[in-house]
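Architecture and fold: a report
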Amino acid sequence: MGILEKISEIEKEIARTQKNKATEYHLGLLKAKLAKYRAQLLEPSKSASSKGEGFDVMKSGDARVALIGFPSVGKSTFLSLMTSTASEAASYEFTTLTCIPGVIEYKGANIQLLDLPGIIEGAAQGKGRGRQVIAVARTADVVIMMLDATKGEVQRSLLEKELESVGIRLNKHKPNIYFKPKKGGGISFNSTVTLTQCSEKLVQLILHEYKIFNAEVLFREDCSPDEFIDVIVGNRVYMPCLYVYNKIDQISMEEVDRLARRPNSVVISCGMKLNLDYLLEMLWEYLALTCIYTKKRGQRPDFTDAIILRKGASVEHVCHRIHRSLASQFKYALVWGTSTKYSPQRVGLTHTMEHEDVIQIVKK
């Protein structure tokens, strides 16, 4: 019995088991087994396979965005519209067969956009190069899920299921659970909140399934067994996702309005070039990037060349971006902008910068 058969057997059993107090331990164990088999499935095969054409693209620019979707939803058209790269687009499925990169220039930042081949159902098991597509998506900062507005709901649930099964968690935060395996002393279990979905017995059962008999577990929030399994496995990727509904020129106005009001969703039309500017604004928000401008003493700030950093970056990060030895020679910095109480304010290395601040660094 192969891994795929085992996975489908467990999925069938989970589907036919009623959810109640008496079956929660059984379901917890099944979920742990399922996560284990899925992890085995993702491991590359030991046998030496023939060396194929490389798929991933070198990371460049300030951030990386992956375009994921079913074949023929308009990913290549979107890439050609947004960037200067021309990705072949045609009205048949699987026009794009490999990863095509492009660069969006927006607010002084270079955002790398990856046009990935279409995903089909069963991609997580390796159908239609699905594994390679999802592996590239794991390295991105934000995922744009392209959906056909005429059949969006079905596509969205299928894609979420595929990404979920390979350990990508969309628009979720990491569970606040402290977990540390130990050499001995059994399992010590504590929680700072009232748990409604997990109990000590269930946690022990799940840990035993993973052959962990000595560990320290502390729940700081009410988490489900699935989230606890994610913490044990530890290779999950939590990333923001924008659901983009394309081809809105083919559906009614009421349907467009309904889709646009859904959380994390944007409606566009690549054919008629509708709403693309709003999509860029949303993408910038999701990437959480900040522009910081530098200034030399006695001169005006240089607004042509911004330093692009992540939100929450400190003066030390700015120093490292300019030159790696600058932080060691740093005396103080003068900052103008919204992160200071008055302009200019004299700050140290730990000061947090905000969007469009101006900085002047003084060396020792």
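Throughout, a residue's number is its position along its own chain's written sequence, starting from 1. For a predicted model such as this one, the threshold for reporting local features is a pLDDT of at least 70, and the threshold for listing and counting side-chain atom pairs is 80 or more; totals across whole chains, interfaces and linings nevertheless cover every residue. The basis for every side-chain value is the complete set of heavy atoms in the structure, and neither hydrogens nor water enter the calculation.

How we decide: UniProt positions are given in the numbering used here, feature names are shortened, and annotations may be inferred rather than shown by experiment.
You'll find the protein entered in an unreviewed UniProt entry as Developmentally-regulated GTP-binding protein 2, with Fukomys damarensis given as the organism. In UniProt, the protein has this text filed under Subunit (unreviewed entry): "Interacts with RWDD1; this interaction confers protection to polyubiquitination and proteolytic degradation. Interacts with JMJD7; this interaction is direct."

**A word on the nonpolar core**
The tendency in soluble globular proteins is for nonpolar side chains to be buried side by side. Threshold: Each nonpolar core is a collection of buried residues, namely Ala, Val, Leu, Ile, Met, Phe, Trp, Tyr and Cys, held together in the definition by side-chain atoms within 4.5 Å. Exposure categories follow from relative accessible area, calculated using a 1.4 Å probe and restricted to protein chains: below 20% of the type maximum is buried, above 50% is exposed, and the middle band is partly exposed. For each domain, the first and last residues come from an automatic or database assignment. Whether two residues are in contact is decided by their heavy atoms: any pair within 4.5 Å suffices.
The biggest cluster of nonpolar side chains holds 65 residues, and the ones touching the most others in it are Phe 78, Ile 144, Met 146, Ile 268 and Leu 283. Taken domain by domain, this core gets at least three of its residues from each of domain 1 (63-87 + 97-171 + 237-286) and domain 3 (289-363). Contact partners of Ile 144, with chain neighbours within four places excluded, come to Val 65, Ala 66, Leu 67, Ile 68, Phe 78, Leu 242, Val 244 and Leu 283. Listed in part, the 22 residues of the second largest apolar core include Leu 202, Leu 207, Cys 223 and Val 231.

**Here we look at helix H10 (residues 315-322)**
Filter applied, for reference: For helices the rule is a DSSP run of H or I covering at least 4 residues; for strands it is a run of E covering at least 2, with both sets numbered from the N terminus onward. Working definition: the arc comes from the directions between the helix axis and the C-beta atoms, pointing outward to the latter.
Taken together, the buried positions of H10 are occupied by Val 315, Val 318 and Cys 319. All buried residues of H10 project into a common sector of 100° when viewed along the axis, lining one side. Buried residues in H10 make contact with strand S12 (289-294), strand S13 (307-310), strand S14 (330-336), strand S15 (345-347) and strand S16 (357-363).

**Let's talk about the packing of aromatic side chains**
Cut-off, in case you're wondering: Planes of paired rings set the category: under 30 degrees apart is stacked, over 60 is edge-to-face and the rest tilted, where pairs are Phe, Tyr or Trp rings (Trp by its six-membered ring) whose centres lie within 6.5 Å.
Counted by the stated rule, this structure contains five aromatic pairs. Pairing Tyr 293 with Phe 303 gives two aromatic rings, centres 4.9 Å apart and planes at 80°, and the pair type is edge-to-face. Of the two residues, Tyr 293 sits in strand S12 while Phe 303 sits in the loop between S12 and S13, which places them ten residues apart along the sequence. Residue class for Tyr 293 comes out buried when judged on its relative accessible area of 12%.

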